[in-house]
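Coordinate inspection notes
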Amino acid sequence: MSARDEETGQQLTDSQIRSEVLTLAVAGTETTASVLPWVLYELARHPDIEARVLDELDDVLGDEPVTFDAVTRLPYLDRVIKEALRLHHTGWLVTRRTLTETRLGPWTVPAGTELAYCQHALHRDPAFFPDPLAFDPDRWLDDEQTLPPGAFLPFGAGKHKCIRDRFALTELITAIATIVRRVRLELAPGQTVRPIARATVRPRTLLMTVRSRRDAALPGA
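Predicted model only: the values in this text are computed from it and were never measured.

Section: the overall build of the chain
Counting its regular elements, the chain contains eight helices and eight strands. Over its C-alpha atoms, taken along the principal directions, the chain stretches across nearly 60 × 45 × 35 Å. Classification of the 221 residues of the chain by burial places 35% in the buried group. Counting only contacts in the chain whose residues sit at least 6 apart along the sequence, the fraction spanning at least 24 positions is 62%. Counting every atom, the chain has about 13,900 Å² of accessible surface; 55% of that belongs to carbon and sulfur.

Examining helix α8 (residues 165-182)
In a regular helix each residue adds 1.5 Å, so 18 residues correspond to 26 Å; α8 covers 26 Å between its end C-alpha atoms and thus fits that length. Along α8, the residues classified as buried are Asp-165, Ala-168, Leu-172, Ile-173, Ile-176, Ala-177 and Val-180. Buried residues of α8, seen end-on, are gathered within an arc of 155 degrees and therefore sit on one face of the element. Looking at the buried residues of α8, the elements they touch are α2 (30-45), α3 (47-61), α4 (68-71), α5 (75-87) and β5 (183-187).

Observations regarding α2
For α2, built from 16 residues, the straight-helix expectation of 22 Å at 1.5 Å per residue is met to within 8% by its first-to-last C-alpha distance of 24 Å. All of the buried residues along α2 are Thr-32, Ser-34, Val-35, Trp-38, Val-39, Leu-40, Tyr-41, Glu-42, Leu-43 and Ala-44.

Concerning a negative patch on the surface
Together, Asp-55, Asp-58, Asp-59, Asp-63 and Glu-64 make up a negatively charged patch on the protein surface. Using a relative accessible area of 66% as the deciding quantity, one classes Asp-59 as exposed.

What to know about the state of the cysteines
Simply put, disulfide is the name for a covalent bond between the sulfur atoms of two cysteines. Across all of its chains, the model carries zero disulfides by this definition. Here Cys-118 stays free of any disulfide, with the sulfur of Cys-162 as its closest cysteine sulfur at 18 Å. Residue classification places Cys-118 among the partly exposed positions, given a relative accessible area of 29%.

Structural notes on the packing of aromatic side chains
Throughout the structure, instances matching the rule amount to three aromatic pairs. Here the aromatic rings of Trp-140 and Phe-152 are separated by 4.5 Å at their centres, their planes lie at 45 degrees, and the arrangement is tilted. One end of the pair, Trp-140, is in the loop between α6 (119-123) and α7 (143-146); the other, Phe-152, is in the loop between α7 and α8, and twelve residues separate them in sequence. Note on Trp-140: relative accessible area 3%, which makes it buried. A residue is classified by how much of its surface remains accessible, and Phe-152, at 19% relative accessible area, is buried. Each member of the aromatic cluster is reached from another via a ring pair, and the members are Phe-129, Trp-140 and Phe-152. Positioned above the aromatic ring of Phe-129, the side-chain terminus of Arg-86 is 5.3 Å from the ring centre.

A few points about the nonpolar core
Judged by nonpolar contacts, the single largest core of 37 residues is most densely connected at Leu-43, Val-53, Leu-57, Leu-77 and Val-80. At the level of elements, α2, α3, α4, α5, α8, β5 and β8 (208-212) are the ones that each hand at least two residues to this core. The greatest single-element share of this core, amounting to seven residues, is contributed by α5. With near-sequence residues (within four places) excluded, Val-80 lies in contact with Val-39, Leu-43, Ile-49, Val-53, Phe-135 and Pro-137.

Overview of the packing of α5 against α8
Closest axis-to-axis distance for the α5/α8 pair is 10 Å, and the angle between their directions is 115 degrees. With respect to α8, the axis of α5 lies roughly perpendicular. In the crossing of α5 with α8, the sense of the turn from one axis to the other is right-handed. Where α5 abuts α8, its residues Leu-77, Asp-78, Ile-81 and Leu-85 lie against Leu-169, Leu-172, Ile-173, Ile-176 and Ala-177. Residues that form the contact of α5 with α8 fall into these classes: eight nonpolar, no polar and one charged.

Focus on the environment of Asp-138
By the secondary structure assignment, Asp-138 is in the loop between α6 and α7. With 28 residues separating them along the chain, Asp-138 and Arg-166 place their C-alpha atoms 21 Å apart.

What counts and what doesn't
Residues numbered from 1 in each chain as written. Predicted model: local features only at pLDDT ≥ 70, side-chain atom pairs only at ≥ 80, totals over all residues. Heavy atoms only, no water. Helix = DSSP H or I, 4+ residues; strand = E, 2+ residues; numbered from the N terminus. Buried < 20%, exposed > 50% of the residue type's maximum accessible area, 1.4 Å probe, protein only. Contact = heavy atoms within 4.5 Å. Areas by Shrake-Rupley, 256 points an atom, 1.4 Å probe, with all protein chains shown as cover. Expected span 1.5 Å × (residues − 1). Arc of directions from axis to C-beta. Patch = residues over 30% accessible without salt bridge, like charges linked within 9 Å, V, L, I, M, F, W, Y side chains within 5 Å. Salt bridge = Lys/Arg side-chain N within 4 Å of Asp/Glu carboxyl O. Lys, Arg positive; Asp, Glu negative; His and termini not counted. Charge placed at Lys NZ, Arg CZ, Asp CG, Glu CD. Disulfide = S-S within 2.5 Å. Phe/Tyr/Trp six-rings, centres within 6.5 Å; stacked < 30°, edge-to-face > 60°. Lys NZ or Arg CZ within 6 Å of the ring centre and 35° of its normal. Core = buried A, V, L, I, M, F, W, Y, C linked by side-chain atoms within 4.5 Å. Axes fitted to C-alpha atoms, helices over the stretch in contact; angles between N-to-C directions. Parallel < 35°, antiparallel > 145°, perpendicular 65-115°, else oblique. Left-handed = near helix turned anticlockwise from the far one by under 90°. Nonpolar A, V, L, I, M, F, W, Y, C, P; charged D, E, K, R; others polar.

What follows is the structure, given as structure tokens:
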């Protein structure tokens, strides 16, 4: 509230402060919460991937809780989350305004033009991601090194990139590592899970049965 712009020396207005608080409150909780069910959904659909996650967690953590140090030592879980962010991005439309005349491929865009792009279309482009609808965490063993800049934008880019990207990934790794070691989530039979776009893109309806790893049913589904 007391910060001043380095160039103008002006403080934020009340409206700008409210906007900052709202952005941090929504972006810091809603987006992470929207990614989490997609990761658990994909693990339920792919027991082989779930088994690899559990093996890695057992090797690194054993029976101990997740620590900050351990977060950086779970590369396969990190790839699972990255693949979920690719296939089920929480954003569905991002807008930008050109400040100057801008060249985009064969098009010249005048200054002041409102542009929009969709991460779902970008992240499912077969030119960048072969078999784009497949959930394949191991594609990140190679694609991370070969993708051109801007092909994968889970947190945006440039000066508008999310300032809490590392925090969000730490939240997700901690939550998933804690949940999947205690319970298994099984998809209810016969359902079709579809995305719905609200403030974020989330599953419209996702019914799952919660069972402990000791095969004892837990309340709540």
